[in-house]
Amino acid sequence: MNKILIIDPGKGWGQFVSKMYCYQKLANHFNSKIIFLTKKSTQAEHYLSSLSFCENVLYIEEPKKGFKNIFLNFYSIIKNIKKINQFQIEKCYIFHPSLRYLLIAYISNIKEVWGLGFKFQNFFLKKSQRFYLSFFSKTKGDDEALEAVKKITNSQKIDFQPLSSMENSLRDTVGIIIAASGNEKRWSIDNYLKIIQFLKDYNYQKFLIISGLDQSQDEDLIKKKFIQNTDIIFTSNKKISDVIPHLKKCKFCIGNDTGFAHLSVNLDIETIVIHGDCPPQDYSNLIHHVDIDKHVTRSSTSIHSIKVEKVLDKLSKFLNRRGGRVVEGARLESV
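Cut-offs and rules
- Residues numbered from 1 in each chain as written.
- Predicted model: local features only at pLDDT ≥ 70, side-chain atom pairs only at ≥ 80, totals over all residues.
- Heavy atoms only, no water.
- Helix = DSSP H or I, 4+ residues; strand = E, 2+ residues; numbered from the N terminus.
- Buried < 20%, exposed > 50% of the residue type's maximum accessible area, 1.4 Å probe, protein only.
- Contact = heavy atoms within 4.5 Å.
- Areas by Shrake-Rupley, 256 points an atom, 1.4 Å probe, with all protein chains shown as cover.
- Arc of directions from axis to C-beta.
- Lys, Arg positive; Asp, Glu negative; His and termini not counted.
- Salt bridge = Lys/Arg side-chain N within 4 Å of Asp/Glu carboxyl O.
- Pairing = 2+ DSSP bridges.
- Axes fitted to C-alpha atoms, helices over the stretch in contact; angles between N-to-C directions.
- pLDDT = per-residue confidence, 0-100.

## Looking at the overall build of the protein chain
Each helix and strand counted, the protein chain has 11 helices and 13 strands in total. Expressed as lengths along the three principal axes of its C-alpha atoms, the size of the protein chain is roughly 70 × 45 × 40 Å. A burial count over the protein chain gives 53% of its 335 residues as buried. Within the protein chain, residue pairs in contact and separated by at least 24 positions form 57% of the contacts whose partners lie at least 6 positions apart. When the accessible surface of the protein chain is summed, it comes to about 17000 Å², and 50% of that surface belongs to carbon and sulfur atoms.

Written as structure tokens, this is what we have:
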């Protein structure tokens, strides 16, 4: 089987994961397996290595800043090329505007190299092997990969396809995603305490609290408030590979706009995502957005303008749509 190299360092692992259905389309279209060259921050090996369309995940040897590191940076390029040349790759697709990645692909033993062709990269690619038509083309933003893959595969539409899915009968948990890549994406823990209580009133008793390394204090607050009659799994001390089996068992998730929110969508889990500094992405109908109000300007603090009442209203409608009903004052989900 032919092999395709995709070079995509990713702006963040959530943004990287959100493009996987596009890359699966490439693999299916060419009946090929994909080798990914990406940054380690995408955590790609944890959720891609076991999938049938993925041959391997390679992590980029990243350059160091400063003129004094010029020889180290040249060596990092050589190391990336050596990684690529382990495989007999027919085609390479670069989903990043950097000339550095184009240089790596050209020096590697690859027959066909295709790139976005954004800005200066446009001058070094054939017209038939680039997405942007000219140096002056405007960026497509979050739709860039989708539109590029449409062009490559000559497709009018590419439907979302999750990476994997677990049977509904095996799902018994609610995911609460309090983890975030930065404070600008982190909704208040006090609000999440109210969300958990609201869900307990719906008779949910088993929760997966997806948190980061620096959120042990937030976990302590949850433990203190819900220590009785609640089955809670915490993840601040777990690796991503250890979290994924628990995540797959979630009925649904709610939480911050971060990597785990997009991973849950790609595991075929309906996910309510709370947005702040970045606009929503609509690549799947499994995503349910709670966004800032129209009069609020996106900023590093705009997520804090979202009141808990707004999220609870969205959550209530979501649960009722799933089959919720009110019984003797408590909200219960009919399973």
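## Considerations on helix α8 (residues 216-225)
Turning to α8, its buried residues are D218, E219 and I222. Along α8, the residues classed as buried sweep out an arc of 100 degrees about the axis, all on the same side. Exposed residues pointing more than 90 degrees away from the buried face of α8 are listed as Q217 and K224. Elements that come into contact with the buried residues of α8 comprise α7 (189-201), β7 (206-210) and β8 (231-234).

## Let's talk about the side chain of K200
Among the secondary structure elements, K200 is positioned in helix α7. Buried charge K200 goes without a salt bridge, the closest partner of opposite sign being D201 at 7.6 Å. Each residue touching K200, except ones within four places of it in the same chain, is listed here: Q205, F207, F226, Q228, N229 and T230.

## Here we look at the sheet that holds strand β5 (residues 112-115)
Reading across the sheet, the five strands line up as β3-β2-β1-β4-β5 and stay open at both edges, with parallel pairing between neighbours. For this open sheet the edge positions go to β3 (54-59) and β5, each flanked by a neighbour on one side alone. Across this sheet, the average inter-strand angle for adjacent strands is 15 degrees, counted without regard to direction. Here four bridges tie strand β4 (residues 91-94) to β5, and the two strands are oriented parallel to one another.

## Structural notes on the environment of L51
On the secondary structure map, L51 appears in the loop between α3 (44-48) and β3. A relative accessible area of 14% places L51 in the buried class. Sequence separation of L51 and L163 is 112 residues, and the distance between their C-alpha atoms is 7.6 Å.

## Some points on the confidence of the model for the protein chain
Of all residues in the protein chain, 95% have pLDDT values of 70 or greater, and the mean over the chain is 91. Counting interchain partners and residues more than four positions distant, the pLDDT-below-50 stretch residues 325-335 has 24 contacts.

## Section: the sheet that holds strand β11 (residues 287-290)
Spatial strand order, β8-β7-β6-β9-β10-β11: six strands in an open sheet with parallel pairing. Looking at the sheet topology across the chains shown, the edges are occupied by β8 and β11. Each strand axis lies, on average, 20 degrees off the axis of its neighbour in the sheet, ignoring direction. As judged from the four bridges shared by strand β6 (residues 173-177) and β7, these two strands associate in the parallel manner. Paired with V174 across the bridge in β7 is F207. Running at roughly 155 degrees to β11, helix α11 (residues 308-321) makes contact with β9 (250-256), β10 (270-274) and β11 of the sheet.

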